[in-house]
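Spelled out from the first residue to the last, the chains are:
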Amino acid sequence: MKLLHTSDWHLGRSFHRVGMLGAQAEFIGHLVSTVREREVDAVVVSGDVYDRAVPPLAAVELFDDALHRLAGLGVPTVMISGNHDSARRLGVGAGLMGRAGIHLRTEPSACGTPVVLSDGHGDVAFYGLPYLEPALVKDEFAVEKAGHETVLAAAMDRVRADLAARAPGTRSVVLAHAFVTGGEPSDSERDITVGGVAAVPAGVFDGVDYVALGHLHGCQTLTERVRYSGSPLPYSFSEAAHRKSMWLVDLAADGAVTAERVDCPVPRALARIRGTLEELLADPALARHEEAWVEATLTDPVRPADPMARLTERFPHTLSLVFDPARTADDPAASYARRLAGRDDQQIAEDFVAHVRGAGPDPHERAVLRDAFDAVRADDAVREVAR
């Protein structure tokens, strides 16, 4: 069975205030063409279909168009909700869509109930594990501690139990939206840390033939059977080195996996350039970036006059301007943003405690801070679902 694995469409998202809906529509056209031309048997979409719980109407219309075009090809599609999606909204009409071959899996309780497709070698069971917000699903999975690893492990126990009851030789595919250990993140994924831990080990998914992951925006191979497709378009300059693609996966009769990357159309190259303003304006080696979307980091010791206006004369698509003069981190002139760069909320709070009282928090206080951040994040998730 030939599968096309994609994820993280983020329909409705922009790139540094540049609307991406046209590029997203071009990707959908490319997806449909690939399905037709490469004779794909099933499409799997591993979450973050939309960029937010209540997407703009234009994004919903594009999603609707994608579903109609995929259904028109007669190729089954299995899709899960991600942490950016409203699972309840995305799942509306799932039963009716299923009759057209579009299988939406947004309910955690259905993790162990697969979509079963067949080819000349027998059945393939597709298990959809939507994004599992630990605080919201711990009761469903009867786990004592709300953590990503515990809830995913419980969901996979249901998958393996169902698979064990099926005919010998039944092949299996799991769709999941999670941060799996060994994956390389970028700046454009929303933090899903719980209890100070976001990542889960790849071993959680043992026992199935292929795991189609979503959440991280870079295309990655964790093992031959566990892969991220990455986002089809860039959503931050941290993705400048990404090759945007989908996985074309061939699932053999014995469950063996071979995979090929299928490149996605990217509207414009990304470039990160660094130096003084005069260096950036004069360096002939930067000519190749003149039509790219540019993030320019200026190292001038004193902020130059009209830097953006001058940069856009040479690099008309400059979207981000960063000032990073050569200073030590403890220099009082260093920017607040620079001093906080790379530090999460927990670390910033612990630093604040140390600054105020002269000593950092003890282990009990760290746990209190961690629980407080987890509670706020879980409450945000509940509010977003209820909107």
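Residues numbered from 1 in each chain as written. Predicted model: local features only at pLDDT ≥ 70, side-chain atom pairs only at ≥ 80, totals over all residues. Heavy atoms only, no water.

**A word on the pairing of strand 4 (residues 42-46)**
Here's step 1: For strand 4, the tally of buried residues reaches 5 of 5 residues, placing the bulk of the element in the interior.
Here's step 2: Covered by surrounding structure in strand 4 are Ala42, Val44 and Ser46 together with Val43 and Val45, the residues of both alternating faces.
Here's step 3: Direction of pairing for strand 4 relative to strand 5 (residues 77-80): parallel, over a ladder of 4 bridges. For Val45, the partnering residue across the bridge sits in strand 5 and is Met79. (Buried < 20%, exposed > 50% of the residue type's maximum accessible area, 1.4 Å probe, protein only. Helix = DSSP H or I, 4+ residues; strand = E, 2+ residues; numbered from the N terminus. Pairing = 2+ DSSP bridges.)

**Observations concerning helix 8 (residues 307-314)**
Here's step 1: The complete set of buried residues in helix 8 reads Pro307, Leu311 and Arg314. For helix 8, the arc enclosing every buried residue in end-on projection is 55°, short of the 170-degree limit, so these residues lie on one face. (Arc of directions from axis to C-beta.)

**Here's the deal with the packing of helix 1 (residues 21-37) against helix 2 (residues 57-73)**
Here's step 1: Direction vectors running N to C along helix 1 and helix 2 enclose 10°, while the axes themselves pass 10 Å from each other. Here helix 2 runs roughly parallel to helix 1, going by the angle between their axes. Contact with helix 1, carried on its side by Leu21, Gln24, Ala25, Ile28, Gly29, Leu31, Val32, Val35 and Arg36, involves Ala58, Ala59, Leu62, Ala66, Arg69, Leu70 and Leu73 of helix 2 and no other residues of that element.
Here's step 2: Of the residues that constitute the contact of helix 1 with helix 2, the class distribution is 12 nonpolar, 2 polar and 2 charged. (Axes fitted to C-alpha atoms, helices over the stretch in contact; angles between N-to-C directions. Parallel < 35°, antiparallel > 145°, perpendicular 65-115°, else oblique. Contact = heavy atoms within 4.5 Å. Nonpolar A, V, L, I, M, F, W, Y, C, P; charged D, E, K, R; others polar.)

**Section: the sheet that holds strand 18 (residues 293-298)**
Whenever strands of a sheet pair, they do so through backbone hydrogen bonds, lying parallel or antiparallel.
Here's step 1: Pairing in this open sheet of 3 strands is parallel, and the strands run 17-18-19 from one edge to the other. Two strands bound the open sheet, and with one partner strand each, they are strand 17 (270-275) and strand 19 (318-323). When the angles between neighbouring strand axes are averaged without regard to direction, this sheet yields 15°.
Here's step 2: When strand 17 meets strand 18, the two strands line up parallel, connected through 6 bridges. When the sheet's bridge partners are listed, Gly275 is paired in strand 18 with Leu298.

**Notes on the nonpolar core**
Nonpolar side chains tend to gather and get buried jointly when the protein is soluble and globular.
Here's step 1: Core analysis: the largest hydrophobic core is formed by 32 residues, its most contacted members being Leu129, Phe141, Leu152, Met156, Val174, Phe205 and Leu213.
Here's step 2: Secondary-structure elements contributing two or more residues to this core are strand 8 (122-129), helix 6 (148-164), strand 9 (171-177), strand 10 (179-180), strand 12 (210-214) and strand 14 (226-228).
Here's step 3: Per-element accounting of this core gives the leading share, 7 residues, to helix 6.
Here's step 4: Apart from the residues lying within four places of it in its own chain, the contact partners of Leu213 are His5, Ser7, Ser46, Ala176, Val180, Phe205, Leu222, Val226, Arg227, Tyr228 and Ser229.
Here's step 5: In this structure, Trp9, Val40, Val43 and Val75 belong to the second largest nonpolar core, which totals 28 residues. (Core = buried A, V, L, I, M, F, W, Y, C linked by side-chain atoms within 4.5 Å.)

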